[in-house]
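# Secondary and tertiary structure notes
The chain contents come next:
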Amino acid sequence: MEIQLWREILEPYSLAVDELLVKFNHVQRAFQKANDYCPIDLVQGRVKTIASILEKANRKKIPLEQLEDQMGDIAGIRLICPFVEDCYAVVDMIRKRMDMEIVSEDDYITHPKESGYRSYHFQIRYTVQTFREPKTINAEIQIRTLSMNCWCTIEHSLQYKYHGNVPEELRLRLQHTADGMLENDRELSSIRDEIHAAKAMKAEEARIVGDILVTIQNLYKIASRREAVRMQEEFFRIYQEQNLDKLKRFATELDIIAEGYRAQSLM
Ligand code: 0O2
């Protein structure tokens, strides 16, 4: 196939990946804006390289003229989640979407492949508007945790190095590592509530610090400079103590002081 033709074929896949990246990044931002816990840590996407398409077509005996029908992952999106439970929350989220048609699902998280591979796969049909016409393409969404992703990336490079014939001893060691990663995910899930609480505390601290700084900035306008500097120093002192309750109390007191100055300035 001519290079020019490849470019034309791959164009809608590239558009689909760009659109899906925007959409899933938007999901992440929406959670952040709502100060809500986001089950997606990282959004990645890629169009398979021509070399990789040819290698897979060769490996899976797919005739070139049937590539678009038979190769489901020319366009691929990967969603990386903190916890296994989050992977399934994302699975539910995708099932509810109206902008893609789910063709099939493979749960390699609950049913790992023999290699140790774990991920949740969606095969979807997704329509893009090319400059000529609408085109519906196949795409794959993979959902996995950070541990799963780490294992997959390493295993993938070894498969590449050994052209799919990883030596038995190395293969067994990889399986063993996959078990370790599974244990790692289980352990992380068991302390998930602790981690959620820590993240929520950090987010609350960031919000309170933001409010305090805005109030101090306003004090420079409505109170004396000396008073604003005094409050700023008091804030730094309390901030260094890393005590959220004290920080909250200071924010409340500061609000009352600022309110007093505001009332005075209106007289
Ligand atoms: P690349 O370079 O990542 O694109 P599916 O039909 O998709 O539910 P199936 O039958 O395994 O699942 O399909 P396929 O085509 O074998 O695998 C799809 C993709 O899943 C692969 O694409 C990999 O990204 C990933 N994958 C599947 N099995 C394994 C595995 O054992 N190890 C690793 N590391 N990744 C795997 P490509 O084209 O192989 O690679």
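Residues numbered from 1 in each chain as written. Predicted model: local features only at pLDDT ≥ 70, side-chain atom pairs only at ≥ 80, totals over all residues. Heavy atoms only, no water.

The end-to-end C-alpha distance of helix α7 (residues 192-222), which contains 31 residues, comes to 45 Å, matching closely the 45 Å that a straight helix rising 1.5 Å per residue would cover. E205, I208, V209, I212, T215, I216 and L219 are the residues of α7 that are buried. The elements touched by buried residues of α7 are α8 (225-240) and α9 (244-266). (Helix = DSSP H or I, 4+ residues; strand = E, 2+ residues; numbered from the N terminus. Expected span 1.5 Å × (residues − 1). Buried < 20%, exposed > 50% of the residue type's maximum accessible area, 1.4 Å probe, protein only. Contact = heavy atoms within 4.5 Å.)

Another aspect to go through is empty space enclosed by the protein. Inspection of every chain in the model, using the stated rule, returns one cavity of 30 Å³ or more. Approximately 40 Å³ is the volume found for the largest cavity. When residues of the lining of the largest cavity are traced back to their parent elements, those giving at least two are α5 (146-161) and α6 (168-190). Here the element with the most residues in the lining of the largest cavity is α5; it accounts for three residues. When grouped by side-chain class, the residues that make up the lining of the largest cavity number six nonpolar, one polar and one charged. (1 Å grid on protein atoms, 1.4 Å probe; cavity = no way out; pocket = protein on both sides within 12 Å on 5 of 7 lines; lining within 4 Å. Points joined across faces, edges and corners; volume = space filled by probe spheres on them. Nonpolar A, V, L, I, M, F, W, Y, C, P; charged D, E, K, R; others polar.)

Quick look at the domain arrangement of the chain now. Domain parsing of the chain yields domain 1 (3-166) and domain 2 (198-266). One C-alpha centre belongs to domain 1, the other to domain 2; they are set 46 Å apart. (Domains from an automatic or database assignment.)

By nearness alone, 18 residues border the ligand, and K48, K56, D106, K113 and E140 come closest of all. Contact distances for the ligand include 2.5 Å between an oxygen atom and a side-chain N or O atom of D106. One nitrogen or oxygen atom from the side chain of E140 is found 2.4 Å from an oxygen atom belonging to the ligand. A total of 730 Å² of accessible area belongs to the ligand in isolation, and the protein chains cover 79% of it. Looking at the shell around the ligand, the elements that each hand over two or more residues are α2 (50-59), β4 (120-129), β5 (134-145) and α5. The element best represented in the shell around the ligand is α5, accounting for three residues. (Near = heavy atom within 4 Å. Polar contact = N/O pair within 3.5 Å; in protein donor to acceptor, adjacent residues only side chain to side chain. Areas by Shrake-Rupley, 256 points an atom, 1.4 Å probe, with all protein chains shown as cover.)

To continue, consider the packing of aromatic side chains. The geometry of an aromatic ring pair is captured by two quantities: the separation of the ring centres and the angle between the planes. Within the structure shown, the criterion is met by six aromatic pairs. Ring geometry for Y88 against Y120: centres 6.0 Å apart, planes inclined by 85°, an arrangement best described as edge-to-face. You can see Y88 sitting in helix α4 (residues 84-95) and its partner Y120 sitting in strand β4, a full 32 residues away along the chain. Centre to centre, the rings of F235 and F236 are 5.5 Å apart; their planes meet at 40°, and the pair counts as tilted. Judged by its relative accessible area of 3%, F235 falls in the buried class. With a relative accessible area of 44%, F236 lands in the partly exposed category. In this structure an aromatic cluster arises from ring pairing among F235, F236, Y239 and F250. When the ring centre of F24 is taken as reference, the NZ or CZ atom of R97 above it lies at 5.2 Å. (Phe/Tyr/Trp six-rings, centres within 6.5 Å; stacked < 30°, edge-to-face > 60°. Lys NZ or Arg CZ within 6 Å of the ring centre and 35° of its normal.)

Quick look at α5 now. Taking 1.5 Å as the rise per residue, α5 with 16 residues should run 22 Å; its terminal C-alpha atoms sit 23 Å apart, in good agreement. Among the residues making up α5, those that are buried are S147, M148, N149, W151, C152, E155 and L158. Elements in contact with the buried residues of α5: β2 (75-81), α4, β5 and α6. Phi turns positive, to about 50°, at H163, one or two residues after α5.

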